[in-house]
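Topology and contacts: notes
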Amino acid sequence: MNLRFTIGSLIALFLLGIAPSNSVGQELSPPEVLKYDLTMVENKELDIKQFQWINRVIIVFSDSPFNPNYIEQLELLEEDQAALHDRDIVILIDSDPTADSLIRRSYHPRGFDMLVVGKDGRTFLRKPNPWTIREISRAIDKLPMRQQEIKLKGR
């Protein structure tokens, strides 16, 4: 039996503790660090303040790892990881409302929610539907801090 899984599907399955197996019966391990060291972290008791002034944070909330919007968003975030890396982005995922995590208590998501938090710690984008990296990048690139970063890199 030859099964194909995307990284997003694997992450969703591992969040539930369901590990797909390959044709020889060995368990696949979850991706810890994606290309360009872009990290998707399952949110437990992370505090958004630990990323302040260092990273922008994309938080993907869902009421279930099987929510189609959640799976689609994780797949979209894989498409251009270089763009996310260039913008110093870390991705936090939380698909377990019963875990009552600190970030879930802070942002009060309802079902699927995708948030982008700036380096200053302020949420500047909150969407109830998946967004492409292109859409996210355009929103980030309009921020004054990002404009400043672009100018400094151009020197």
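Shown above is the structure to which this text applies.
Starting from 1, residues in each chain are numbered consecutively following that chain's sequence as written. Restriction of local features to residues with pLDDT of at least 70 applies here, the model being predicted, together with a cutoff of 80 or more for giving and counting side-chain atom pairs; totals for whole chains, interfaces and linings are based on all residues. Side-chain numbers here rest on the full set of heavy atoms in the structure, without hydrogens or water.

**Brief notes about the overall build of the protein**
- Strands are runs of DSSP state E lasting at least two residues, helices are runs of H or I lasting at least four, and both sets are numbered from the N terminus onward. Helix and strand counts for the protein stand at six helices and six strands.
- Starting at the N terminus, the α and β elements of the protein follow one another as α-β-β-β-α-α-β-α-β-β-α-α.
- Put simply, the protein has 155 residues, and 42% of those count as buried.
- Residue contacts are defined here by distance: any two heavy atoms, one from each residue, within 4.5 Å place the two residues in contact. Residue pairs in contact within the protein that sit at least 24 positions apart in sequence constitute 68% of those at least 6 positions apart.
- Approximately 8,900 Å² of the protein is accessible, and the part contributed by carbon and sulfur atoms is 50%. Note on classification: 1.4 Å probe, protein chains only; a residue is buried when its accessible area is under 20% of the maximum for its type, exposed when over 50%, partly exposed between these limits. Here the accessible surface of atoms and residues is derived via Shrake-Rupley with a 1.4 Å probe, and residues count as covered only by protein chains that are part of the display.

**Remarks on empty space enclosed by the protein**
- Cavity: a set of points on a 1 Å grid over the protein atoms alone where a 1.4 Å probe fits but cannot get out. Pocket: an open set with protein on both sides within 12 Å along at least five of seven lines, its lining residues, like those of a cavity, having an atom within 4 Å of a point. Grid points are joined across faces, edges and corners, and a volume is the space filled by probe spheres set on the points. Under the counting rule described, the total for this entry stands at one cavity of 30 Å³ or more.
- Approximately 30 Å³ is the volume found for the largest cavity.
- Lining the largest cavity, in full, are Ile 48, Phe 51, Gln 52, Asn 55, Val 57, Val 117, Gly 118, Lys 119 and Gly 121.
- Of the residues assigned to the lining of the largest cavity, the class counts are four nonpolar, four polar and one charged. All residues other than Ala, Val, Leu, Ile, Met, Phe, Trp, Tyr, Cys, Pro, Asp, Glu, Lys and Arg, Gly among them, are scored as polar; the first ten of these are nonpolar and the last four charged.

**A closer look at the pattern of salt bridges**
- Here a salt bridge means any side-chain nitrogen of Lys or Arg lying within 4 Å of a carboxyl oxygen belonging to Asp or Glu. Tallied over the entire structure, the rule returns twelve salt bridges.
- Here Asp 88 makes a salt bridge to Lys 119, at a shortest N to O gap of 2.7 Å. Taken together, the residues Asp 88 in the loop between helix H3 (81-86) and strand S4 (89-94) and Lys 119 in the loop between strand S5 (113-117) and strand S6 (123-127) connect sequence positions 31 residues apart.
- On the basis of relative accessibility, which here comes to 29%, the residue Asp 88 falls in the partly exposed class.

**Regarding the nonpolar core**
- Side-chain atoms within 4.5 Å are what join buried Ala, Val, Leu, Ile, Met, Phe, Trp, Tyr and Cys residues into a set we call a nonpolar core. Ranked by internal contacts, the top residues of the largest apolar core, which has 19 residues, are Ile 58, Val 60, Leu 77, Ile 91, Met 114 and Ile 136.
- At the level of elements, strand S3 (56-61), helix H2 (68-77), H3, S4, S5 and helix H5 (133-141) are the ones that each hand at least two residues to this core.
- If you tally residues by element for this core, the top one is H5, at four residues.
- In this structure, Leu 46, Ile 59, Leu 92 and Ile 103 belong to the second largest nonpolar core, which totals twelve residues.

**Observations regarding the environment of Ala 139**
- Along the polypeptide, Ala 139 turns up in helix H5.
- Linking Ala 139 and Val 116, residues 23 residues apart in sequence, is a C-alpha distance of 9.4 Å.
- When sequence neighbours within four positions are dropped, the list of residues in contact with Ala 139 reads Phe 124, Leu 125 and Trp 131.

**Re the pairing of S5**
- Among the five residues in S5, five count as buried, and that is most of the element.
- On S5, burial covers both faces: Asp 113, Leu 115 and Val 117 on one face and Met 114 and Val 116 on the other are all buried.
- In short, DSSP must find at least two bridges between two strands for them to pair. What sits between S5 and S6 in their antiparallel hairpin is a turn of five residues, with Gly 121 showing a positive phi close to 90°.

**Here we look at the layout of surface pockets**
- Here the largest pocket is characterised by a volume of approximately 160 Å³.
- What lines the largest pocket is Arg 56, Gly 118, Lys 119, Asp 120, Arg 122, Thr 123, Phe 124, Leu 143, Pro 144 and Met 145.
- Looking at the lining of the largest pocket, the elements that each hand over two or more residues are S6 and helix H6 (144-154).

**So, the pairing of S4**
- Here S4 lies mainly inside the structure; six of its six residues are buried.
- Residues of S4 alternate between two faces, with Ile 89, Ile 91 and Ile 93 on one and Val 90, Leu 92 and Asp 94 on the opposite face, all of them buried.
- Bridge count for S3 against S4 is six bridges, and the pairing is parallel. Residue pairing across strands places Ile 58 opposite Ile 91, the latter belonging to S4.

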